Amino acid sequence: MAAGVLAIRRGAGGALIAAALAVLILGTLAAVAWQARGFSALSPWDLRAIWFTIWQAIVSASLSALLAVPVARALARRRFPGRALLVTLLGAPFILPVIVAIMGLISVFGRNGLLNEAIRALGLPELSIYGWQGVILAHVFFNLPLSVRLILQGWQSIPAERFRLAESLDFGPRDIARHLERPMLRAVLPGAWLAVFLICLTSFTVALALGGGPKATTVELAIYQAFRFDFDLGRAATLGMVQIAICVLAMLLSRWIAIPSEFGSGLDLGRQISGPPGWRRMLDNAAIILAALFLLWPMLAVTLRGLPQIPQLPAEVWSAALRSIIMALISACLAVTLSLTLALSIAANRSRLIEIAGMLPLVASPLVLGTGLFILLRGSVSPQAMALPVTVAINAIMALPFGLRALIPAARDLRQNYGRLADSLDMHGTARLRLLILPQLARPLGFAAGLSAALAMGDLGVIALFPTDIPTLPLKLYQLMNSYRIADASACAVLLMALSFGLFWLFDRGGRLA
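Residues numbered from 1 in each chain as written. Predicted model: local features only at pLDDT ≥ 70, side-chain atom pairs only at ≥ 80, totals over all residues. Heavy atoms only, no water.

Undergrad: Account for helix H19 (residues 429-440), naming residues and giving values.
TA: In this model H19 runs 16 Å from its N-terminal to its C-terminal C-alpha over 12 residues, within 8% of the 16 Å that 1.5 Å per residue would give. Residues of H19 that are buried include every one of Arg-432, Leu-433, Leu-436 and Ile-437, and no others. Buried residues of H19, seen end-on, are gathered within an arc of 130° and therefore sit on one face of the element. In H19, the exposed positions that point more than 90 degrees away from the buried face belong to Thr-430, Arg-434 and Leu-435. (Helix = DSSP H or I, 4+ residues; strand = E, 2+ residues; numbered from the N terminus. Expected span 1.5 Å × (residues − 1). Buried < 20%, exposed > 50% of the residue type's maximum accessible area, 1.4 Å probe, protein only. Arc of directions from axis to C-beta.)

This is the structure in structure tokens:
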């Protein structure tokens, strides 16, 4: 497939794909806008959903950022066995299927979870995970690791010379915090907060499983309810436009609040920072242990509960698993082929328009795109028939920006280092692909393919829009949870988690070994 793409005249393939992508996404959004009936179509329930979406995103982002600061600081200035593994695991929630994480949180914080059992033993009232508190708890669970990684990078970006100068000036911990750490946090925290805020704005699966009702419905969930239960396409389209407007405003805000760091460059960035002894060491250790418990305990709980039940899973779960694997592989293949063609074209032509077209999927959520495609196709294809193909296509499109971020720098380096030599040898088409591009770009290609496959494997957004009797594995897991078959649901969650991480590992490892 990629060889065929390369056979197209240089740059033309990328331009054609960029144009098709722009037509597809903008055409889908135009269909949504055309169907929208204006703000008068929104009910008080919808306005409350808009308010709750913004409110929970602000609270979730603020909690994630604030809790991440002591954890990132502790990781930056302490060394201990397993530190590298813990930092690596902080990236796991990004590819962890949302519905699996929710199962883990229910195992710990649910009515029959370990926490409530301990609370009941003390004679105290139970805690409920369902409602706004569950939505915020799940969002902090997913986004605390992302915030820690972003803030940790900020700490590691402070040149070690600054810390050595502070020691020579006999600075205490308060002086170091005032002159080095707080300026860094002023530069890093707004970006980290806004990244989490944007993610929480488009929350669907968390609100579907733990929210709902008048007090905990997000805009995404309101779109789903208008589409599936009321079949009010005008109202769903209006909510979709509101969702897009909020996301665009948030992205514009991110450009306004970005504060550059003033530390400059150093000769030994990333070297170990020595932490203060005494009670501050104890606080750092406590922050690391509590963060690790919060992030790993739910996954350990659902694994221990579900692993022994896997051999007893019904046949329809294994059918759904096979279906999800095939769909994830098709999505990954499609996403990587499009990403590679666009990245090579961007590297060759330095076209800003092609890069912008590749980032267009960030403008809209999968549910909004799914609604638009349904509006465009409903006259010619039945909803049942379009469920799986539309899910595959949207998963591939939504993974495109991540693939491009991984491939564009490597493609530019490849062009700069080997482009003229390959041209002088008249190396084009499949020969250039086989002998130069694939070997040199194997690592980012493997990472992009693994990420695309893992994200597609765990998606429960688009498939939930369409009525279908051939569910994917995440949808089957959600159905098991709704029918209170908790043992089967736990086993299904372990299977889904293993398949998602397995696909990511296989592609990423394959790229590293190639």
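Undergrad: How would you summarise helix H12 (residues 219-228) if you had to cite specific residues and measurements?
TA: The buried fraction of H12 amounts to 9 of the 10 residues, a majority that puts the element mostly inside the structure. All buried positions along H12 are accounted for by Val-219, Glu-220, Leu-221, Ala-222, Ile-223, Tyr-224, Gln-225, Ala-226 and Phe-227.

Undergrad: Which residues make up the environment of Val-87, and what values go with them?
TA: Residue placement: Val-87 occurs in helix H4 (residues 83-89). A residue is classified by how much of its surface remains accessible, and Val-87, at 15% relative accessible area, is buried. The spacing of Val-87 and Gly-213 is 126 residues in sequence and 37 Å in space, taken between C-alpha atoms.

Undergrad: Lay out the packing of helix H14 (residues 279-306) against helix H22 (residues 486-513) in plain terms, naming residues and giving numbers.
TA: For the pair H14 and H22, interaxial distance at closest approach is 8 Å and the crossing angle is 115°. One way to sum up the angle between H14 and H22 is to call them roughly perpendicular. In this structure, H14 meets H22 at a crossing whose hand is left-handed. On H22, the residues touching Met-299, Val-302, Thr-303, Arg-305 and Gly-306 of H14 are Ile-486, Ser-490, Ala-491, Ala-493, Val-494 and Met-497. (Axes fitted to C-alpha atoms, helices over the stretch in contact; angles between N-to-C directions. Parallel < 35°, antiparallel > 145°, perpendicular 65-115°, else oblique. Left-handed = near helix turned anticlockwise from the far one by under 90°. Contact = heavy atoms within 4.5 Å.)

Undergrad: Could you give me a rundown of the pattern of salt bridges, with the residues and numbers involved?
TA: Applying the stated criterion across every chain yields a total of 8 salt bridges. Close ionic contact of Asp-46 with Arg-235 constitutes a salt bridge, the shortest N to O distance being 2.8 Å. Of this pair, Asp-46 sits in helix H3 (residues 44-77) while Arg-235 sits in helix H13 (residues 233-257), placing them 189 residues apart in sequence. Taken as a pair, Asp-46 and Arg-235 share a single burial class, namely buried. Note that Asp-284 and Arg-77 form a salt bridge whose closest N and O atoms lie 2.8 Å from each other. Of the two residues, Asp-284 is situated in helix H14 and Arg-77 in helix H3; the sequence distance between them amounts to 207 residues. Residues joined by salt bridges that share partners form a network here, namely Arg-77, Arg-78 and Asp-284. (Salt bridge = Lys/Arg side-chain N within 4 Å of Asp/Glu carboxyl O.)

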